[in-house]
Amino acid sequence: MVGFIILAILATLGAIGVVTFRQPVHAALSLVGTLLTLAVTYVTLEAHFLGAIQVIVYAGAIMVLFLFVIMLLNVGGGPKVDRFRALRPLAILVGGLGAAGIALVAFLDARPLPGRDVIDSALAGGGAGRVGDALFSDFLFAFHLVGVLLLTGIIGAVGLVQRRPQEAQQVVSEPTVEPHEELTHA
Amino acid sequence: MVATEYYVALSAILFSVGAVGFLTRRSAIMIFLCVELMLNAANLALVAFARQWSSAGVATAMNGQTAVFIILAIAAAEVAIGLGILVAIFRHRASTNVDTLSEVRF
């Protein structure tokens, strides 16, 4: 229980950091902290393979992509003027009510956990073998669809980022911008 | 072992924080980060439910964890496409503020 409380506090602090940090880089690193904490939480839930995948794919690949784009676009904190500032307390109220409602329902409908031996025999620690068995039997169609989705994603990403010939010429002329100007912006 | 309802409560907290961020942040990148947070909150609930259902047999118990695996793949594809769109928008407008993208709507 103590371990879970520590993990829950770390994950919640990271999540609040994602929402409150002004700089996108700080928010992204805060999200990395939450993702790593969730990976440890998966291990405590007998899902060892998912914990490893969470670290490799989420905290590794996806967040590196995020940090890469944040640095590529060089976006700073958002604009100081916010047209919807008055609605912010309302958003926080709705979020708090939603979380409280879900947690309340979960605690009101609490059910006893199955025994340790039942969990061990059914999940087997959530290793890659059990996940693979399910993936290539019950989830075979979904697995194929994910393959199609990833192929579509690759084609879409290449098509989106591709430059047209006239755009490419504009980019070639970019370095003529005064270097002093860029220094003052940085 | 910690009971499932505590994990569901943590999942609800993480999802709500992500939803509040989604509603209050104006930069498209920050909105994306909040979406990732909400996806992970849903994943945590699924993994917790998978352990709760382990008395229903091996096949049923592994459904939750396999669904999380598929959600991870979808999240990777979604991030690649979304960030590609973001870079394309930034190249034209030099801004990722969603308030200034009002002509995207009908």
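Higher on the page you've got the structure.
These numbers come from a predicted model, not from an experiment.

Peer 1: Describe the overall build of chain B, and please don't skip the residues or the numbers.
Peer 2: Of the regular secondary structure elements, chain B holds 3 helices and 0 strands. Relative to the 2.2 N^0.38 estimate, which gives 13 Å for 106 residues, the radius of gyration of chain B is 17 Å and therefore markedly larger than a compact globule would have. Principal-axis analysis of the C-alpha atoms gives chain B an extent of 55 × 25 × 25 Å. Counting only residues that meet the buried cut, chain B has 52% of its 106 residues in that class. For chain B, restricting intrachain contacts to residue pairs at least 6 apart in sequence, the fraction spanning at least 24 positions comes to 50%.

Peer 1: Describe in detail the overall build of chain A, supporting the description with residues and values.
Peer 2: Scanning chain A for helices and strands turns up 9 helices and 0 strands. Per-residue burial for chain A yields a buried fraction of 25% across its 186 residues.

Peer 1: Which residues make up the nonpolar core, and what values go with them?
Peer 2: Leu31 of chain A together with Leu14, Leu33, Leu37, Leu44 and Val47 of chain B are the most contacted members of the largest nonpolar core, which totals 68 residues. When residues in this core are grouped by element, the largest group, 14 residues, is from helix H2 (residues 28–52) of chain B. Apart from the residues within four sequence positions on either side, Leu31 of chain A is in contact with Gly14, Val18 and Met63 of chain A together with Leu33, Glu36 and Leu37 of chain B.

Peer 1: A description of the packing of helix H3 (residues 48–73) of chain A against helix H3 (residues 58–93) of chain B should follow, citing residues and the corresponding values.
Peer 2: The contact between H3 of chain A and H3 of chain B brings their axes to 11 Å, and the two run at 5 degrees. One way to sum up the angle between H3 of chain A and H3 of chain B is to call them roughly parallel. Here Leu50, Ile53, Val57, Tyr58, Ala61, Ile62, Leu65, Val69, Leu72 and Leu73 of chain A of H3 of chain A come into contact with H3 of chain B, specifically with Gln65, Val68, Phe69, Leu72, Ala75, Ala76, Val79, Ala80, Leu83, Leu86, Val87 and Phe90 of chain B.

Peer 1: Got a sec to walk through the interface of chain A and chain B? Specific residues and values, please.
Peer 2: Of the residues lining the interface, 73 residues belong to chain A; the matching set on chain B comes to 67 residues. It is H3 of chain A that provides the largest number of residues to the side of chain A that touches chain B, a total of 12 residues. Taken together, the residues of the side of chain A that touches chain B sort by class into 56 nonpolar, 10 polar and 7 charged.

Peer 1: Residues and numbers for helix H4 (residues 88–108) of chain A, please.
Peer 2: Look at H4 of chain A: 30 Å from first C-alpha to last across 21 residues, which is about the 30 Å you get at 1.5 Å a residue. In the core, the buried residues of H4 of chain A are packed alongside helix H1 (4–24) of chain B.

Peer 1: Account for the environment of Ile70 of chain A, with residues named and values stated.
Peer 2: Within the secondary structure, Ile70 of chain A sits in helix H3. Look past the residues within four positions of Ile70 of chain A in its chain and what remains in contact with it is Pro24, Val25, Ala28 and Val75 of chain A together with Ile29 of chain B.

Peer 1: Provide a residue-level description of helix H5 (residues 116–123) of chain A, including the pertinent values.
Peer 2: Turning to H5 of chain A, its buried residues number three or more, namely Ile119, Ala122 and Leu123 of chain A. Down the axis of H5 of chain A, the smallest arc covering the buried residues is 80 degrees, so these residues share one side. For H5 of chain A, exposure combined with an orientation more than 90 degrees from the buried face picks out Asp117 and Asp120 of chain A. Structurally, H5 of chain A contributes buried residues whose contacts are with helix H6 (128–135) of chain A together with H2 and H3 of chain B.

The rules behind the values
Residues numbered from 1 in each chain as written. Chains lettered and ligands numbered in written order. Predicted model: local features only at pLDDT ≥ 70, side-chain atom pairs only at ≥ 80, totals over all residues. Helix = DSSP H or I, 4+ residues; strand = E, 2+ residues; numbered from the N terminus. Rg over C-alpha atoms; globule rule 2.2 N^0.38 Å. Buried ≥ 20, exposed ≤ 12 C-beta atoms within 10 Å, placed from the backbone. Contact = placed C-beta atoms within 7 Å. Core = buried A, V, L, I, M, F, W, Y, C linked by C-beta atoms within 7 Å. Axes fitted to C-alpha atoms, helices over the stretch in contact; angles between N-to-C directions. Parallel < 35°, antiparallel > 145°, perpendicular 65-115°, else oblique. Nonpolar A, V, L, I, M, F, W, Y, C, P; charged D, E, K, R; others polar. Expected span 1.5 Å × (residues − 1). Arc of directions from axis to C-beta.

Coordinates in, geometry out; function isn't part of it.
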